Amino acid sequence: MITPHTLNRALMILLMTVATLWLVIPFTMAILWSFVDPAAPWTPDHLLPPVMSAYRWEFMWENSLLKPALLNSYTLAPLAALVTFVIAMPTAFALGRYEFRGKEIAKIAALLPLVVPTFVTAIFFTSILYQIGLAQYRFSAILFAHTVLFLPYAIRIMSVSFEQVRQDHINAARDLGASAWAVFRVAYWPALKPGVLATLLIVFIKSVEEFAIAYIVGQPGFVTVPTLVYASLGQDFNRPNAAVLSLILAVPNVILMLFLERLLKSANPALSSGKG
Amino acid sequence: MIRPSPWLITLLLLPGIGLIVVFIGAVIYIAIAQSIGFYNLSGESGFTLESWDKLLARKSYWTAVRYSLFIGFWAAVLSVAAAYPIALWLRKPFKGSLTVSALLKAPLMIHGIVAAFLFLNIISFNGIVNQFMIWTGLFDAPRRLQNDSGAWGLLFLQVWKNMPFALLLLTGAVQSISQDTLNAAQDLGAGAIERFRRVIAPLTVSAMQAALIIIFIDALADFTFQTTVGPTNRQSLAQYMDFFRSRGRWNEAAGVGVTLMALSLAGAIVLAVTARLIFRKRPIGRVLAWYEIRNKEARS
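Residues numbered from 1 in each chain as written. Chains lettered and ligands numbered in written order. Predicted model: local features only at pLDDT ≥ 70, side-chain atom pairs only at ≥ 80, totals over all residues.

### Remarks on the overall build of chain A
- A tally of regular secondary structure across chain A gives 13 helices and 0 strands.
- When the helices and strands of chain A are listed from N to C terminus, the series reads α-α-α-α-α-α-α-α-α-α-α-α-α.
- Whereas a compact globule of 276 residues would reach a radius of gyration of roughly 19 Å, chain A reaches 24 Å, over 25% beyond that.
- Expressed as a percentage of its 276 residues, the buried residues of chain A come to 40%. (Helix = DSSP H or I, 4+ residues; strand = E, 2+ residues; numbered from the N terminus. Rg over C-alpha atoms; globule rule 2.2 N^0.38 Å. Buried ≥ 20, exposed ≤ 12 C-beta atoms within 10 Å, placed from the backbone.)

### Some thoughts on the overall build of chain B
- The helix and strand inventory of chain B stands at 14 helices and 0 strands.
- Written out in order from the N terminus, the α and β elements of chain B read α-α-α-α-α-α-α-α-α-α-α-α-α-α.
- For 300 residues, the compact-globule formula gives about 19 Å, and the C-alpha radius of gyration of chain B, at 25 Å, lies well above that figure.
- Principal-axis analysis of the C-alpha atoms gives chain B an extent of 85 × 75 × 35 Å.
- Considering chain B as a whole, with its 300 residues, one finds that 41% of them fall into the buried category.
- If you take every contact in chain B between residues at least 6 apart in sequence, the share linking residues at least 24 apart comes to 73%. (Contact = placed C-beta atoms within 7 Å.)

### Section: the interface of chain B and chain A
- Taken residue by residue, the interface counts 59 residues in chain B and 61 residues in chain A.
- Of all the secondary structure elements, the ones that give two or more residues to the side of chain B that touches chain A are α1 (6–35), α4 (97–105), α5 (112–123), α6 (128–136), α11 (224–229), α12 (237–246) and α13 (250–278) of chain B.
- Here the side of chain B that touches chain A gets 17 residues from one element, more than from any other, and that element is α1(B).
- In terms of residue class, the side of chain B that touches chain A is built from 46 nonpolar, 11 polar and 2 charged. (Nonpolar A, V, L, I, M, F, W, Y, C, P; charged D, E, K, R; others polar.)

### Thoughts on the confidence of the model for chain B
- Per-residue confidence for chain B averages 86 on the pLDDT scale, and 94% of its residues sit at or above 70.
- Scored by ipTM, the complex comes to 0.84, with pTM at 0.85. (pLDDT = per-residue confidence, 0-100.)

### So, the environment of B:I269
All names here are of chain B.
- As for its placement among the helices and strands, I269 is situated in helix α13.
- According to the C-beta neighbour criterion, I269 is exposed, with 11 such atoms within 10 Å.
- Along the sequence, I269 and Q209 sit 60 residues apart, while their C-alpha atoms lie 9.5 Å from each other.

### Description of the packing of helix α1 (residues 4–34) of chain A against α4(B)
- The contact between α1(A) and α4(B) brings their axes to 9 Å, and the two run at 30°. Here α1(A) lies roughly parallel to α4(B), going by the angle between them. Between α1(A) and α4(B) lies a crossing of left-handed hand. On the side of α1(A), the interface is formed by A:M12, A:L15, A:M16, A:A19 and A:L23, while α4(B) contributes B:V100, B:L103 and B:L104. (Axes fitted to C-alpha atoms, helices over the stretch in contact; angles between N-to-C directions. Parallel < 35°, antiparallel > 145°, perpendicular 65-115°, else oblique. Left-handed = near helix turned anticlockwise from the far one by under 90°.)

### What about unusual backbone geometry?
- A:Q219 connects to A:P220 through a cis peptide bond whose omega is -5°.
- Phi at B:Y39 takes a positive value of approximately 50°, unusual for a residue other than glycine.
- Along the polypeptide, B:Y39 turns up in the loop between α1 and α2 (50–57).
- You will see that B:A151, though not glycine, has its phi angle at about 60°, which is positive.
- With respect to the element layout, B:A151 can be found in the loop between α6 and α7 (152–175).
- On the basis of neighbour counts, which here come to 23 C-beta atoms within 10 Å, the residue B:A151 falls in the buried class.

### Concerning the environment of B:M133
All names here are of chain B.
- Looking at where M133 falls in the secondary structure, it is placed in helix α6.
- Residue classification places M133 among the partly exposed positions, given that 16 C-beta atoms sit within 10 Å.
- The spacing of M133 and V159 is 26 residues in sequence and 22 Å in space, taken between C-alpha atoms.
- Excluding residues within four positions of it along the chain, M133 makes contact with L138 and F139.

### Topic: helix α6 (residues 118–131) of chain A
All names here are of chain A.
- Taking 1.5 Å per residue, 14 residues should reach 20 Å; α6 reaches 20 Å between its end C-alpha atoms and fits that length.
- Most of α6 is tucked away, with 10 of its 14 residues classed as buried.
- When α6 is considered as a whole, its buried residues turn out to be T118, F119, V120, T121, A122, I123, F124, F125, T126 and S127. (Expected span 1.5 Å × (residues − 1).)

Given below as structure tokens:
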């Protein structure tokens, strides 16, 4: 007789197999392809590549636009994270600490960049740049667009963090004669810290991953890691090269995302306010 | 909470919300204005519906509209339909449930373009799928699976990428349903389907709506999946818009952009309202009334 326990077990084995198939096999294939040596192509009659080497990695590093793409992506991302964070702070403070009329409307308005399709935003932002004659400043334009596009995440995370700052902690610090800085340090900072890190990290990841703005506004000539990977999947599709680029885009972000998840979990009000 | 002066609030909201409203407002405004002949980058500017006339007369425009709606609708519905049973199964933690959940949600962390590459790699002419099919004897020789005209590959990829997102939203919603409510429904004789239709779905309809809307908008405006694994005989609206833009035909690009925004809004409303209408039959009143009586009896 099939008991719920057996059924659960069978379901779990089935699902684990499916989940493994849809993650492990694709990634293993990508890793193997990135190590295929050009001297001996990987043909269907071989289970594994006949000769494996780091040639493709070295080749892409030396002969593709990988270096400028990495430089652009990893300069844009920290800047976008910092600027977005600074711009989001006053709004997040207002939404998290104050009660005012129209607060719900303000919260909905903050989500606007997520509702308008990014491709539409990208194309008509470029149109505006042409109208005002600033289309040549591609780096700054992308930085600006990333900042606005990722403001909803920063505002949301930081306003929740501000809500978690406990008024009794602030009052206690003030009653004890703490200076404004000391109040911030003992009452605000412990509650805000996980949110600050999460905001910086999420905008960083989003900026590194962003494609539409970088692709449209960056034309011609401005390349980021996602636009380079996209180009490698086009007409000149070369599997080993595309595998190298895909892994360069995917691996650091997966690690950062895992770190972010941990950070968001630790953003617990009880813990961050110092009280159990 | 403190109630400060409206001036202070305005000042605080300006850099964040103000910037968002001005930027997105300007994007929407310029798209609408360019679609009716204003802000031309070359030539005369002025009100005209010429680009709309041209656009609406094109068969390719309507094909793109139908195709994008098809992808948006099915991506949203299939992702949510696939996520529900898993969310219900993972509702109560059991040994290994966290691992399953993490594995299933992993595609959330993988970039869409990387996902497209992984998929292309698997289904390519000499890829593992073709080899497996030959090994099983189902295929005599490798077949071209890439860019299939039925968009099955594209839909698979959309569901692969979006199902974990739906799962994320639905897991929270499903976990908040109390076991008592489900027990009560079961005691009243509701079977598994009936319990889903009349208890679980109505109670989680908000999360369902959110998942449907977000996935719909994302898939409707898809560009990267379409241009990498999508059919080559049809264009999505985003692809169509970029086609006009890359040729400097901004008015027509704007027309497609406005269409995309209007369809996003209309589709989101239709999906939200339909989900609400289908699952509006709230049995909860009956279930809860019965539960209350049982509780009272137990107390007395």
